[in-house]
Amino acid sequence: MPQPPSVPSLTHRAARVLAGRPATYSKSPQRYPAGLAPEALVRGAGAYVWSPDGRRWLDTVAALGPILLGYGHPAVDDAILEQLAHGTSFSLMHPIEVEVAELLCDLVPGAECCRFARNGKDVTEAAVRLARFVTGRRHVVFCGYAGGFSDYLITTDHPGGILAHLCQFNHQVAWNDIAALRDLVEVYRNDVAAILFEVPPEPPERTPEDTATTLRWYVDTAHQARALAVCDEIVTGLRYGLGGAQALYGVQADLATFSKALANGLPLAALTGPRDLLQHCASGDVFVSTTFGGETTALAAARAVLVTLRDTDALATLRMHGTRLLEGLRGLFHEYALPAAVWGNYARIAVRWADAEDGHGTAAALRTLWLAEMARRGILLNTGVILPMTCYTTIETQALLTAAEAVCALMRQALDGCGVAAALPCAVLGDVLRVR
């Protein structure tokens, strides 16, 4: 009997018509265990998402960070729907743009005014351009990863199409590599426009005071070189508190950039800073203009997010459950003697794998087995970080830790037996960006 023709998978269809598959590199199937994690998601509610086949997953990825309050948060959804009924884009400014700017200026250290755009890349580029204009200098140092793909931001291993003569003015050093930053500033001392930094997940031996010391050193070094200090709050903004990493660590940069959690999943970004700097955007000296920067549903969502975080205990809830998750994972990896370390804090947790002794498993193989077996138990993880949401409860944290304990036991058994490679249910995962 003839067999019916096979139906191409969504991933196969995407490969034919989407250049590079998803519009966001980090949502690539390469970051998930094939055959165990879903290839797509169609719905979200609270801390959970659903795949096309109707299976529910506990989400730790949070759409790469934007989903802070949880999917379908009532205050956010109501604000979006109410604004949608009145229109989304207009021929003149809408009052809500002013209202959200006022809220941000009340909450963000050093913010006297702001400029809205759609993506974190937009405002990070704007900060770099503004720094170059006000200082009259060319060189920018990126301390850690900074996303973006314009001619001015080259901090990944995807440099195609970027003009070589512009790359020489952009420099990347690892976070907390004080010596490398000092050397660069010394070489280009009279031509450094900005030092841009983002607080990454820190190793467990680093205290919050250590992180604050590093941030203060970045700011002081920038000012000693007569450059601007720019804090990249794309991930940390709101997630680390209403004032972002700057408020959490007691440090104030000259400029700060926000996006991701700002509108709980809708595209919105903001550049904040003092009026004397941002006035150059207002005058048009530094051109920062996007058609959809003032789109009203995203702004309505942002207003709802800011008010919710300001007026409820959402951030305290995030801290409580995120801390339990962080400490629980550290305890499990120690108990089962796995070659892994848990970095970060309650709001941004990273599991760092190392090669096992005696060649029983590479770091990449161990990470893949961890992700695959967690996916088998309904926990959605990717090769990046765990990003708890304010809607997490004891139910979610306990479910995650229960699954983690079962997987840790399985991994210990594999390490003690025939090795991790034999236990892998899928190909070893790589990453879409080898350099960040």
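Because the structure is a prediction, the values reported are computed rather than measured.

Please clarify how the overall build of the protein should be interpreted in this entry.
Each helix and strand in the protein was counted, giving 14 helices and 13 strands. Relative to the 2.2 N^0.38 estimate, which gives 22 Å for 436 residues, the radius of gyration of the protein is 22 Å and therefore close to what a compact globule would have. Seen through its C-alpha atoms, the protein measures out along the principal axes to roughly 70 × 55 × 50 Å. Every one of the 436 residues in the protein was classed for burial, and the buried ones make up 54%. Looking at the protein alone, contacts between residues at least 24 apart form 74% of all its contacts between residues at least 6 apart.

Explanation requested: the pattern of salt bridges in the structure shown.
Pairing is possible between side chains that carry opposite charge, provided their charged atoms lie close to one another. Applying the stated criterion across every chain, the model contains 14 salt bridges. A salt bridge links R303 to E99, with the nearest nitrogen and oxygen atoms 2.4 Å apart. Here E99 lies in helix α3 (residues 95-107) and R303 lies in helix α10 (residues 296-311), a separation of 204 residues in the sequence. On the accessibility criterion, R303 (31% relative accessible area) is partly exposed. A salt bridge links R206 to E202; the nearest nitrogen and oxygen atoms lie 2.9 Å apart. The same class applies to R206 and to E202, which are both buried. Members of the salt-bridge network, linked through shared partners, are K121, D122, E125 and R129.

Mind showing me how you'd approach the sheet that holds strand β3 (residues 56-59) here?
Backbone-to-backbone hydrogen bonds pair the strands of a sheet. The strands run either parallel or antiparallel. Across the sheet, which stays open at both edges, the four strands sit in the order β1-β2-β3-β13 with mixed pairing between neighbours. Each end of this open sheet is capped by a strand with a single partner; those strands are β1 (43-45) and β13 (379-380). Here strand β2 (residues 48-50) runs beside β3; their pairing, made up of three bridges, is antiparallel. Paired with Y48 across the two strands is L58, which belongs to β3.

Looking at this structure, how should I read unusual backbone geometry?
As a rule of thumb, non-glycine residues mostly have phi less than zero, and peptide bonds are mostly trans rather than cis. Phi at L238 takes a positive value of approximately 70 degrees, unusual for a residue other than glycine. Tracing the backbone through its elements, the reader meets L238 in the loop between β8 (228-233) and α8 (244-249).

Can you help me understand the sheet that holds strand β4 (residues 113-117) in this one?
The strand order across the open sheet built from seven strands is β4-β10-β9-β8-β7-β5-β6, with neighbouring strands paired in mixed fashion. A strand with exactly one partner marks an edge of an open sheet, and here the two such strands are β4 and β6 (170-173). With direction set aside, neighbouring strand axes in the sheet form an average angle of 20 degrees. As paired strands, strand β5 (residues 139-143) and strand β7 (residues 192-197) are joined by five bridges and run parallel to one another. The residue bridging H139 from the neighbouring strand is V192, located in β7. Seen against the sheet, α3 touches β4 and β10 (269-273) and runs at an angle of roughly 125 degrees to β4. Here helix α6 (residues 178-187) sits on the sheet in contact with β5, β6 and β7, set at roughly 160 degrees to β6.

How should the packing of aromatic side chains be read in this particular structure?
Geometry of an aromatic ring pair is reported as the spacing of the ring centres plus the angle between the planes. Inspection of the entire model under this criterion finds six aromatic pairs. An angle of 75 degrees between the planes, with centres 5.3 Å apart, marks the rings of W175 and Y218 as edge-to-face. Taken together, the residues span a long stretch of sequence, with W175 in the loop between β6 and α6 and Y218 in helix α7 (residues 208-224) at a distance of 43 residues. Looking at W175, the relative accessible area reads 14%, which means it is buried. A centroid spacing of 5.3 Å and a plane angle of 65 degrees characterise the contact between F333 and W370, whose relative ring orientation is edge-to-face. One end of the pair, F333, is in helix α11 (residues 314-335); the other, W370, is in helix α12 (residues 363-376), and 37 residues separate them in sequence. Of the two residues examined, F333 and W370, each falls in the buried class. Chaining the aromatic ring pairs together yields one cluster made of W175, F197, W217 and Y218. Over the ring of Y48 we find R56, and its NZ or CZ is 3.9 Å from the ring centre. The ring centre of W343 lies 5.0 Å from the NZ or CZ of R352, which sits over that ring.

Would you mind showing me how to read the pairing of strand β12 (residues 348-353) here?
Looking along a regular strand, one sees side chains alternate from face to face of the sheet. In terms of burial, β12 is a largely internal element, five of the six residues being buried. Sheet topology places strand β11 (residues 340-345) next to β12; six bridges connect them, and they run antiparallel. Considered in β12, the bridge of G344 is made with I349. Between β11 and the antiparallel strand that follows it, β12, lie two residues.

Thresholds applied
- Residues numbered from 1 in each chain as written.
- Predicted model: local features only at pLDDT ≥ 70, side-chain atom pairs only at ≥ 80, totals over all residues.
- Heavy atoms only, no water.
- Helix = DSSP H or I, 4+ residues; strand = E, 2+ residues; numbered from the N terminus.
- Rg over C-alpha atoms; globule rule 2.2 N^0.38 Å.
- Buried < 20%, exposed > 50% of the residue type's maximum accessible area, 1.4 Å probe, protein only.
- Contact = heavy atoms within 4.5 Å.
- Salt bridge = Lys/Arg side-chain N within 4 Å of Asp/Glu carboxyl O.
- Pairing = 2+ DSSP bridges.
- Axes fitted to C-alpha atoms, helices over the stretch in contact; angles between N-to-C directions.
- Phe/Tyr/Trp six-rings, centres within 6.5 Å; stacked < 30°, edge-to-face > 60°.
- Lys NZ or Arg CZ within 6 Å of the ring centre and 35° of its normal.

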